[in-house]
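# Structural overview
This is what each chain is made of:
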Amino acid sequence: MTTPLSHIRNFAIIAHIDHGKSTLADRLIQMCGGLEAREMREQVLDTMAIERERGITIKAQTVRLNYRARDGEDYVLNLMDTPGHVDFAYEVSRSLAACEGSLLVVDASQGVEAQTLANVYQAIAAGHEVVPVLNKIDLPAAEPDRVKQQIEDVIGLDAGDALLVSAKTGEGVEDVLEALVTRLPPPQGDAAAPLKALLVDSWYDAYLGVVILVRVKDGTLVSGQKIRLMATGASHAVERVGVFTPKGVAAPSLGPGEIGFITAGIKTVADCRVGDTITDDRRPADAPLPGFQPVQPVVFCGLFPTDSADYERLRDSLAKLRLNDASFEYEPETSVALGFGFRCGFLGLLHLEIIQERLEREFDLDLITTAPSVVYRVHLTNGRTQILHNPTDMPDPVRIDHIEEPWIKATILVPDAYLGPILALCEERRGVQQDLTYAGSRAILVYRLPLNEVVFDFYDRLKSVSRGYASLDYQLDGYAEGDLVLMNILVNGEPVDALSIIVHRSQAERRGRALCERLKELIPRQLFQIAIQAALGGRIIARETVKALRKDVLAKCYGGDVTRKRKLLEKQKEGKKRMRQFGQVDIPQSAFIAALRMGDN
Amino acid sequence: MPTTALPDPEERCEAPRLEGCNTPLQNVAPPLAIYIHWPFCRSKCPYCDFNSHVRERIDAARWTRALLADLDRQARLAPGRQVVSIFFGGGTPSLMPAETVAALIERVGVHWPVARDIEITLEANPNSAEAERFAGYRAAGVNRVSLGVQALDPAALKFLGRAHNRDEALAAIRLARETFPRFSFDLIYARPGQSVAAWLDELDEALALAGEHLSLYQLTIEPGTAFATREARGEISVPDDELGAQLFEATQERLAAAGLPAYEISNHARPGAECRHNLAYWRYEDYLGIGPGAHGRVTVLGGRLATRQRRAPEAWLAAIEAADDTAGEAMPVARDTAVAEMLMMGLRLVEGVSRQRLEELAGAEIAALFGPALARLVDGGFLIVDERRLAATAAGRQCLNAVLAALVP
C-alpha cells in the first residue's frame, strides 16, 4: 500500500473555534469520496458527543483522502484535525510534527484570533508551509481584503494568494485540494532505513484495546512486526495496521510519509507516551525523533460524587477516562464538606470542564467540582518545599517562609474599542503589561499574569467586557513569589472546606465579598437564619446573612390534594438529599457549582 | 381537641328520611365523611387547578344515576361506619339540581347510620341564578353552604375571572344567612398589587358580613392554569415571601381579634364552628370520594386504602354505567406514606396531630420516628410536643413546607 513520497501530502488545519475547520474537513472528505453520502454527517471527525455539541475538537483525528489532481495523478492527502484550544496546545504541537504543511483557516468576517496566532506560530516553527484560507466568503459580512491585510499585519504571512472558500457551499474547496498538492512539500523519508514512527496520539477502543495513531518517518510498519517504544523500552507485536478514511480500514503496511494506526495488544493509553518514537525491536533506530515533553497538569480541582454511594463508580469512570486521556491525573481526596472524592489535575479550565462533562454524561454521574486551584510551591521555614495543589493542604502560616505561584504570558487580541476594560481587567488581576501593538483596529496585548487569577473567571470576564470579541492564548511563564493566603468560607461558623481558596492578599477581600454575596443568592432561605463569612485565619473579611424563611406553606390542602401534595413533599425531600449540611444548613449542590464557578460580575 | 359544631337541636336530623340517625351505633362506629364531586362549571377560573369542566349540556338524570351508583359501589369499602359529614364540591355543585342533592343524601342514609349532628355542606357560587336554588338545597337536607365569594372588590372579582359581581355576592351572603343554619365564604388575598392596608379594609367588610366561618386563601399560581401562563409571560406576579408573610400575619391577628381565630392555615371559625368535613381530612380520618376525580382514604382490615376515581367526566361516566371496574382504583397506602400524610394534613391544624394516633399509625414512639430533627424544630420554636399531641406553632405553620421537609422521616 505504500505510496511514493512524491504523491503524499500531510497537512493540519489551524483555525479558531467557529471559523469553519470542521465544515471544511467535512467538505474535503466528501469531495474525495472518503465516505458515502449516507455516512456523511456534520463534523464527521468530532466523534465524541461533547465535541459535536460544543463544536470543538478535543482529540486529534486523522483522515486519508484520495485525490486525483488536475495533473491527472492520484495523491494521498492525510488530514490531521487538531484541537484549537489553548488547553490542548500540546496535542496541536504533536499533530503539527506529523505534517509538512498547514491550512490556516480564518473566518473572512471575524479575522485572526489569539489562538490562531499561537497555533500558526507553532506551525511556522515546525517548518510548515502555511496556506491561508479565508472561509465563509458567502456571508454578506465577509471582508476578504481586510482579513488578508490583517493576516499580513498580525501574523506576517503573505496572504496575497490566500484561497477564498465557502466550506458551507463548497465554493473554492476544489482549489484547496489543488493547493495542497501544488503548494505543500511532499514528506521526506527512507523506506530502507530502520523504522522510525512518531506516536501522534493513542486512545482506548472498547473492541480493539489501545489504538495508536502514527506518522512513519523512515522504514515500514507491517502487521506481525515486533516494535519497540523507545521512551519506555517496551516491545509489542503489531496486530493491526490501517488508515482512517475516516473509518478505520486495514492496510498491509505503512511506509515513509504515511499516517495511519496500529494496535499492538497494549492495555492502557498511559503506556503510550505521545511523542514517543516507535522503532523495530530487532533493528532499532539509533536515535529517537526529536523529543517530547510530557504534559503537566496546571489546574487542579476536587471532583466529588453528589451521592456518596457513587464513589466507586466515579473511581471506575476516572480510570476508564484515563485509558483514553493520559493528560489528566487523579488521586483520592477526602473533604469534610463533600465526603470521598478525587483531586484531579487538568491541562486547563476547558479540559477540566470537558472531563467533568464526560463523567456526567458518559458515565451518568452527578458531580460537585471544587474551586480550581493552580500548583503552588510553598517554601517552608525548615528549608523544604511543599508542592501544593489543594487549599486544604495549606500548612500553618507560621511554618511558611514564602509561597511561589505560577505565572503565564497571555496574548490577547481585541478590537481597540474594548481595550480599556481589558486593560482594567488585567491590572485588577495583578497583570504586568509586556507589550501593546496594533494591527489595524485590533490591539495585540501581551501581559504576564498569575495563573490563579486566570483560573478564577478571567476568561468569562474577558468575554463579557469585550462582548465576546477578545481572544486569549497563554503559555506558562515560570514561578514568582506572591503574598498568598488561605481564605476560608464559614457557614454558621463552620468552615466549608470545599470553598476554601488560596488567594493573593490584595484580592482576598474582593473575592471573599463576591463569594459571600453569591452564596447568599444561592442558598435558599431556610427555617433558621444563616451567616456566611469569609475569613483569613481568625479575621472575618466579609459577611452576609441569609434571612430565615418568612412564609412557605400551601394555601390549600384538602382530601383530593393529599396524594399530589405529598409527592411535592417527597420531591422536596429528594432535593434535600442532594444538599450538603454545614452547621445545620442545607446547601444545595447547585450553590456549590455556581459559587465555585463565579461567572460574570 | 375543639369539639365539632353542634347545630341547633332543632336542626339535628332535620331530614326525616335520613334513617338511623338515632341508632346506638353512632357512638361506637368510626366516623366517615363523604365527598361528592360535581365536575362542571359555567366557566373556568384562571387560578383554578381543580377537576372542573365546562360543558354545554349536562344530562342531570344520567349524572344523578351515576353518582348514586358510585356511592353504592364505594359503600362496600366502608361498612358499619357512622357518617358525620357529606360535602358537595366541584366544579360548581350549586349547578346541581336540588333533586340530585336530595337523592344522594337519602342514599347515604340507606347505606350508613348518620350522626345526629351530621354536617351537609354544599359549595355555591354567589350568582343570582344559583342563589335561587338555595331553598331547594336546604329542603334536600343541606345545612351548610360555602360560598365562593373570593373578593369584595369589583376589580379583583374581574381579575379572578368570577362570573358574579359584588352586589350578587352581598345578596348571596344575605340569602345564605337566611336559608342555612351555617354558612361560610371564601376570599382570595395576596393578589397582585394588593397592599396590607387594602386587604385589611376588605377583611373588615368581610367580617361584618361573615357568620361563624371564613376561608382565606393566599393566591397560589398553580401550574397549568391561565394565571400560570400570564405569570410566565410576566403579566402578573404575586407578592413575594416578605409581603406574603405580612399579609398572612395581619390576617391571623385581625381574625383572632374578631373572634374567628385560625384553626387551620387558611380557615378561621368561632370555636366549635369549624368545618367538620374538612377536619376529617386534616385529622386523617376516613372519607370516601364519589364522582370523577374524587379521592378517598379508607381504613380497612390490615391498613389504609387510597381511592381515586377517573378524572375525565365522560370517561368516568361511561365506566360507571358499564360497571366495568375502571371508574376508579383503590391502592394500599404504605405505612410511611400514611405517616407522612397524617403529618402533612394534621400539622395544618392549630390542634395538631394526636400523638396516640400518630404513634399507633407509625408503630413507633415519636422520638424514634423523628430522631434529632424533632428537638431541633421544637427548640427553634416551630413545633410543640406534649403528652397528647404534636402541633406546629404559629411560626411553624407559616413555614410548614420547610418544617415538614425537615421532620418527615
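Reference entry: report on the structure contained in this document. Please read all numbers here as calculations on a predicted model, not as lab measurements.

### A word on the overall build of chain A
- If you tally the helices and strands in chain A, you get 14 helices and 33 strands.
- For chain A, the residues scored as buried account for 58% of the 601 residues in total.
- Excluding contacts between residues fewer than 6 apart, the proportion of contacts in chain A whose partners are at least 24 apart in sequence is 70%.
- Looking at chain A as shown, the accessible area adds up to about 24,200 Å², and 48% of this sits on carbon and sulfur atoms.

### Focus: the overall build of chain B
- Counting its secondary structure elements, chain B contains 17 helices and 15 strands.
- Going through the 409 residues of chain B one by one, you find that 58% of them count as buried.
- Considering only residue pairs separated by 6 or more positions, chain B has 71% of its internal contacts joining residues 24 or more positions apart.
- On chain B, roughly 16,100 Å² of surface is accessible, and the fraction owed to carbon and sulfur atoms is 53%.

### Structural notes on the sheet that holds strand β13 (residues 353-354) of chain B
Residues and elements named next belong to chain B.
- Reading across the sheet, the three strands line up as β13-β15-β14 and stay open at both edges, with antiparallel pairing between neighbours. The sheet is open, and its two edges are formed by β13 and β14 (383-385), each paired on a single side.
- Pairing of β14 with strand β15 (residues 389-392), which is carried by three bridges, proceeds in the antiparallel orientation. Residue Ile384 lies in a different strand from β15, and its bridge partner there is Ala391.

### Comments concerning the packing of helix α12 (residues 335-346) of chain B against helix α13 (residues 355-362) of chain B
All names here are of chain B.
- At a minimum axis separation of 9 Å, α12 and α13 run at an interaxial angle of 160°. Looking at the two axes, α12 sits roughly antiparallel to α13. Here α12 runs over α13; the crossing is left-handed. Contact residues: Arg335, Ala338, Val339, Met342 and Leu343 in α12; Arg357, Leu358, Leu361 and Ala362 in α13.
- The class makeup of the residues in the contact of α12 with α13 is seven nonpolar, no polar and two charged.

### Some remarks on the nonpolar core
- Counting 124 residues, the largest nonpolar core has B:Phe88, B:Trp112, B:Phe185, B:Leu343 and B:Leu358 as the members making the most contacts within it.
- Ranked by residues supplied to this core, first place goes to α12(B) with seven residues.
- When residues of this core are sorted by domain, at least three fall in each of domain 1 (9-280) and domain 2 (352-409) of chain B.
- In contact with B:Phe185, not counting residues within four places along its chain, are B:Leu147, B:Val149, B:Ile173, B:Ala206, B:Leu209, B:Ala210, B:His213, B:Leu214 and B:Ser215.
- Core analysis: the second largest hydrophobic core is formed by 49 residues, A:Leu359, A:Val378, A:Leu449 and A:Leu462 among them.

### Section: the environment of B:Lys44
All names here are of chain B.
- Positionally, Lys44 belongs in the loop between β1 (31-38) and α1 (60-75).
- Lys44 sits 118 residues away from Arg162 along the chain, and the two C-alpha atoms are 8.8 Å apart.
- Aside from chain neighbours lying at most four places away, what touches Lys44 is Phe50, Ser52 and Val54.
- Of note is the side chain of Lys44, whose polar atom sits 2.7 Å from the side chain of Ser52.

### With respect to the interface of chain B and chain A
- With 44 residues of chain B at the interface, the matching set in chain A holds 25 residues.
- In total, chain B and chain A occlude about 3,400 Å² of area from one another, counting both sides; carbon and sulfur atoms represent 56% of this.
- For chain B, the biggest contributors to the area lost against chain A are B:Asp241, B:Arg376 and B:Asn401; these three give 19% of the whole.
- The tally of links from chain B across to chain A stands at six salt bridges.
- Between A:Arg566 and B:Glu341 there is a salt bridge whose closest N-O contact spans 2.9 Å.
- Across the contact surface, chain B and chain A share 21 residue pairs in polar contact (both at pLDDT 80 or more).
- Secondary-structure elements contributing two or more residues to the side of chain B that touches chain A are β6 (213-218), α9 (241-257), α10 (276-282), β10 (295-300), α12, α15 (372-379), α16 (394-398) and α17 (400-407) of chain B.

### Re the sheet that holds strand β7 (residues 196-205) of chain A
Residues and elements named next belong to chain A.
- Sheet architecture is open: eight strands sit in the order β11-β10-β16-β7-β8-β15-β12-β13, paired in antiparallel fashion. On the outer flanks of this sheet lie β11 (235-237) and β13 (248-250), each paired with one strand and no other. Strand-to-strand twist in this sheet, taken as the mean axis angle between neighbours without regard to direction, amounts to 40°.
- Across three bridges, strand β10 (residues 226-229) lies against β11 in antiparallel orientation. When the bridges of β11 are listed, Arg228 appears paired with Ser235.

### Quick look at the side chain of A:Ser109
- One can find A:Ser109 in the loop between β4 (101-107) and α4 (114-125).
- Sequence-distant contacts of A:Ser109, that is, excluding residues within four places in its chain, are made with A:Ala141, A:Ala142, A:Glu143 and A:Arg146.

### Some thoughts on the pattern of salt bridges
Residue and element names in this part refer to chain A.
- Tallied over the full model, the rule gives 54 salt bridges over all chains.
- A salt bridge links Asp281 to Arg228; its shortest N-O distance comes to 2.9 Å. Separated by 53 residues along the polypeptide, Asp281 in the loop between β16 (277-280) and β17 (299-305) and Arg228 in strand β10 bring together distant segments of the chain.
- We classify Asp281 as buried; its relative accessible area is 17%.

### As for unusual backbone geometry
- Cis geometry marks the peptide bond from B:Gly90 to B:Gly91; its omega dihedral reads 20°.
- Mapped onto the elements, B:Gly91 comes out in the loop between β2 (82-90) and α2 (98-111).
- One non-glycine residue, A:Lys136, lies in the positive phi region at around 65°.
- Summarising the element assignment, A:Lys136 is placed in the loop between β5 (129-135) and α5 (144-155).
- Of the residues examined, A:Lys136 reaches a relative accessible area of 22% and is grouped as partly exposed.
- Here B:Gln150, not a glycine, exhibits a phi torsion of approximately 70°, which is positive.
- If you trace the backbone, B:Gln150 turns up in strand β4 (residues 144-150).

Reading guide: rules and limits
- Residues numbered from 1 in each chain as written.
- Chains lettered and ligands numbered in written order.
- Predicted model: local features only at pLDDT ≥ 70, side-chain atom pairs only at ≥ 80, totals over all residues.
- Heavy atoms only, no water.
- Helix = DSSP H or I, 4+ residues; strand = E, 2+ residues; numbered from the N terminus.
- Buried < 20%, exposed > 50% of the residue type's maximum accessible area, 1.4 Å probe, protein only.
- Contact = heavy atoms within 4.5 Å.
- Areas by Shrake-Rupley, 256 points an atom, 1.4 Å probe, with all protein chains shown as cover.
- Pairing = 2+ DSSP bridges.
- Axes fitted to C-alpha atoms, helices over the stretch in contact; angles between N-to-C directions.
- Parallel < 35°, antiparallel > 145°, perpendicular 65-115°, else oblique.
- Left-handed = near helix turned anticlockwise from the far one by under 90°.
- Nonpolar A, V, L, I, M, F, W, Y, C, P; charged D, E, K, R; others polar.
- Core = buried A, V, L, I, M, F, W, Y, C linked by side-chain atoms within 4.5 Å.
- Domains from an automatic or database assignment.
- Polar contact = N/O pair within 3.5 Å; in protein donor to acceptor, adjacent residues only side chain to side chain.
- Buried area = accessible area lost by both parts, 1.4 Å probe.
- Salt bridge = Lys/Arg side-chain N within 4 Å of Asp/Glu carboxyl O.

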